[in-house]
Structure formats: C-alpha cells, structure tokens
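Observations on chain architecture
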Amino acid sequence: MTANILYIEDNEQNLYLITFLLQAKGYTVLQAREGQKGIEMAVRHRPDLILLDIQLPGMDGYSVARTLKGRGEVSGIPIVAITSYAMTGDREKAMESGCTGYIEKPIDPDTFIAQVERHLADGCGAGGET
Ligand code: MN
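This text gives an overview of the structure that appears in the document.

About the criteria used
- Residues numbered from 1 in each chain as written.
- Predicted model: local features only at pLDDT ≥ 70, side-chain atom pairs only at ≥ 80, totals over all residues.
- Heavy atoms only, no water.
- Phe/Tyr/Trp six-rings, centres within 6.5 Å; stacked < 30°, edge-to-face > 60°.
- Helix = DSSP H or I, 4+ residues; strand = E, 2+ residues; numbered from the N terminus.
- Pairing = 2+ DSSP bridges.
- Axes fitted to C-alpha atoms, helices over the stretch in contact; angles between N-to-C directions.
- Contact = heavy atoms within 4.5 Å.
- Donors = N, O, S within 2.8 Å, 3.2 Å for Na, K, Ca; no water.
- Right-handed = clockwise from strand over helix to strand, strands pointing away.

Focus on the packing of aromatic side chains
- A full pass over the atoms with the stated rule returns one aromatic pair.
- With a centroid separation of 6.5 Å and an interplanar angle of 10°, the aromatic rings of Tyr 16 and Phe 20 are classed as stacked. Taken together, the residues Tyr 16 and Phe 20, both in helix H1 (residues 12–24) and four residues apart, mark about one turn of the helix.

Dropping the structure here:
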C-alpha cells in the first residue's frame, strides 16, 4: 500500500530516521519542521496520515492537532502524536487535542512501521477483512 505521510518534527535525527523507515516501505513522506508550516502542508497536500511531534518551536503539537481538527477539509486525517516516553501526561493531552493515537519516543525501528500502519488502517475505514 502506498500512502502520503506528513511528518511534523523539528529534530533532525528523528526526521531522518523516520523518513528513512517510511520511504524504505514505499511511503511518500512530506516534512515540516514547525507547526504552522505543517498545517499549511496538510491543507495543500491532504496526506493520508500525519505524524506529529509534540515539542515543536512556536506552536506546539497540541495546538497543531486542535487546529487541524477544527478545519473541515483536513479534520478527517488521522494524527499520530510522537510523544516522549518519559512524559506520561503527553499521551492524554495528545488524545484530548484530537490525535488518533500516539507512538512513544524513542521509536523502535523494528515495530515502528507496524504501529504506523495500524493507524493508517484505522483512518481509512475502507478495506479491512474481505
Ligand atoms: Mn521536537
């Protein structure tokens, strides 16, 4: 399955690693390094899934998620927060902000793609078992 995934992240190492993992599986990855830019790209490109870092310069991930969920044309796109394992409150706040799910950092390269694909399948609603 091919899909377009928008990844909003300010950390270059995470951007590199996650983009690498996704592209290796055939996904197209759009990158944004701050929230406002990410919102613009979401509206312009309508990705199938958004991966969202929470700690971003300027507008944080919660605000980005709330903004996206408030815009009709992109409100249906699933958003997966990339949260820090240590920050236990992040998950709840991410879900309250409208995120569909979360993946904890540091990400595990062996299971990351499977985690992403679970959210892609949820978001599409179509397909599934036949
Ligand atoms: Mn960050």
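A closer look at the sheet that holds strand S4 (residues 79–84)
- Strand order in the open sheet made by the five strands is S2-S1-S3-S4-S5, with parallel pairing throughout. Edge strands, defined here as strands with exactly one partner in the open sheet, are strand S2 (28–32) and strand S5 (101–105). Each strand axis lies, on average, 25° off the axis of its neighbour in the sheet, ignoring direction.
- Note that strand S3 (residues 49–53) and S4 share four bridges and pair parallel. Bridging across to S4, Leu 52 finds its partner in Ala 81.
- The strands touched by helix H3 (residues 61–69) are strand S1 (4–8), S3 and S4; relative to S3, the strand with the most contacts, the crossing angle is about 155°.

Quick word on the coordination of the manganese ion
- Summarising the metal site, the manganese ion is bound by the protein donors Asp 10 (OD), Asp 53 (OD) and Gln 55 (O), whose distances to it range over 2.0 to 2.1 Å.
- Read from N- to C-terminus, the donor residues coordinating the manganese ion fall into the pattern D-x42-D-x1-Q. Of the two residues, Asp 10 sits in the loop between S1 and H1 while Asp 53 sits in strand S3, which places them 43 residues apart along the sequence.

With respect to the pairing of S2
- Strand direction decides the pairing type here: S1 and S2, joined by five bridges, are parallel. Counted as the bridge partner of Ile 5 is Val 29 from S2.
- The β-α-β motif built from S1, the intervening H1 and the parallel element S2 has right-handed crossover chirality.

All quantities given are derived from atomic positions and should not be read as evidence of function.
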